[in-house]
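A look at the structure
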Amino acid sequence: MFKDFVYERYLKEPNAISFEEAMKIYEEIIAQAPEENEMFDKAWDEAIEKMTAYADLRAHWKITPKPQRDNDARTVKHDSVISSLNQLAQVMKELKLDASWREELGDQRKRIGDFACYVSLIYGVFAR
């Protein structure tokens, strides 16, 4: 089964988002981040919390025995990622910042979940 997990194979999937594309969106958000803005910081922290929690659940999905998988809980976590990113974009608009990244990311659930996993990867790498 693990031989199925090849990045080039993933890129051929419908609505795939490449690492480079995800990092471009991530960097667009970071470039807009105002210094010490409580409203932005709160929205960003919430988005990071939701994305890393979802990524953790998703990373364990294939190794979790099917009877132990809770698809409803996964859906709730996924919905919370989408909601937190929407909230972040809204806060950015209120602060007169460019939130075009949200349209660029799109509304396809798998793509948004993939983005969350990439952001979690970056946070994991920098937590060394």
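Provided above is the structure to which this section pertains.
Residues numbered from 1 in each chain as written. Predicted model: local features only at pLDDT ≥ 70, side-chain atom pairs only at ≥ 80, totals over all residues. Heavy atoms only, no water.

Focus: the overall build of the protein chain
- Summing up its helical and strand segments, the protein chain has six helices and zero strands in all.
- A compact globule built from 128 residues should have a C-alpha radius of gyration of about 14 Å, and the protein chain, at 15 Å, falls within 12% of that.
- With the principal axes as the frame, the protein chain shows a C-alpha extent of 45 × 30 × 30 Å.
- Evaluated residue by residue, the protein chain yields a buried proportion of 34% over its 128 residues.
- Of the roughly 8400 Å² that the protein chain leaves accessible, carbon and sulfur atoms contribute 52%.
- Considering the protein chain, the positive charge centre built from 19 side chains and the negative charge centre built from 24 side chains are found 9 Å apart. (Helix = DSSP H or I, 4+ residues; strand = E, 2+ residues; numbered from the N terminus. Rg over C-alpha atoms; globule rule 2.2 N^0.38 Å. Buried < 20%, exposed > 50% of the residue type's maximum accessible area, 1.4 Å probe, protein only. Areas by Shrake-Rupley, 256 points an atom, 1.4 Å probe, with all protein chains shown as cover. Lys, Arg positive; Asp, Glu negative; His and termini not counted. Charge placed at Lys NZ, Arg CZ, Asp CG, Glu CD.)

As for a negative patch on the surface
- Residues Glu-35, Glu-36, Glu-38, Asp-41 and Asp-45 make up a contiguous surface patch of negative charge.
- The exposure class assigned to Asp-41 is partly exposed, which follows from its relative accessible area of 32%. (Patch = residues over 30% accessible without salt bridge, like charges linked within 9 Å, V, L, I, M, F, W, Y side chains within 5 Å. Salt bridge = Lys/Arg side-chain N within 4 Å of Asp/Glu carboxyl O.)

Considerations on the packing of aromatic side chains
- The full count for this structure, using the stated rule, is three aromatic pairs.
- Here Phe-19 and Tyr-118 contribute two aromatic rings whose centre-to-centre distance is 5.6 Å and whose plane-to-plane angle is 70°, an arrangement assigned as edge-to-face. With Phe-19 in helix α2 (residues 19-32) and Tyr-118 in helix α6 (residues 109-126), this residue pair connects regions lying 99 residues apart in the sequence.
- Looking at Tyr-118, the relative accessible area reads 11%, which means it is buried. (Phe/Tyr/Trp six-rings, centres within 6.5 Å; stacked < 30°, edge-to-face > 60°.)

Notes on the nonpolar core
- Among the nonpolar cores identified, the biggest contains 29 residues, and Ile-29, Met-51, Leu-85, Leu-88, Trp-101, Leu-105 and Phe-115 are the most heavily contacted of them.
- Setting aside residues up to four positions removed in sequence, Leu-88 forms contacts with Ile-29, Phe-40, Ala-43, Trp-44 and Trp-101. (Core = buried A, V, L, I, M, F, W, Y, C linked by side-chain atoms within 4.5 Å. Contact = heavy atoms within 4.5 Å.)

Structural notes on the packing of helix α3 (residues 38-61) against α6
- Put simply, α3 and α6 touch, their axes get as near as 8 Å, and they point 100° apart. Considering their axes alone, α3 and α6 lie roughly perpendicular with respect to each other. On the side of α3, the interface is formed by Trp-44, Ile-48, Met-51, Thr-52, Tyr-54, Ala-55 and Arg-58, while α6 contributes Lys-110, Gly-113, Asp-114, Phe-115, Ala-116, Cys-117, Val-119, Ser-120 and Tyr-123.
- Considered class by class, the residues forming the contact of α3 with α6 number 10 nonpolar, three polar and three charged. (Axes fitted to C-alpha atoms, helices over the stretch in contact; angles between N-to-C directions. Parallel < 35°, antiparallel > 145°, perpendicular 65-115°, else oblique. Nonpolar A, V, L, I, M, F, W, Y, C, P; charged D, E, K, R; others polar.)

Some words on the pattern of salt bridges
- One pass over the full model with this rule turns up seven salt bridges.
- Notably, a salt bridge pairs Asp-114 with Arg-58, separated by 2.1 Å at the nearest N-O pair. Linking Asp-114 in helix α6 with Arg-58 in helix α3, this pair joins segments that are 56 residues apart in sequence.
- Judged by its relative accessible area of 9%, Asp-114 is buried.
- A salt bridge links Asp-107 to Arg-102; its shortest N-O distance comes to 3.7 Å.
- On the basis of relative accessible area, Arg-102 is assigned to the buried category, the value being 10%.
- The structure contains a network of salt bridges with shared partners spanning Lys-24, Glu-28 and Glu-104.

Points about unusual backbone geometry
- In this model, Glu-36 sits at a positive phi of 45°, which is unusual for a non-glycine residue.
- With a phi angle near 65°, Lys-96 is a residue other than glycine that sits in the positive phi range.

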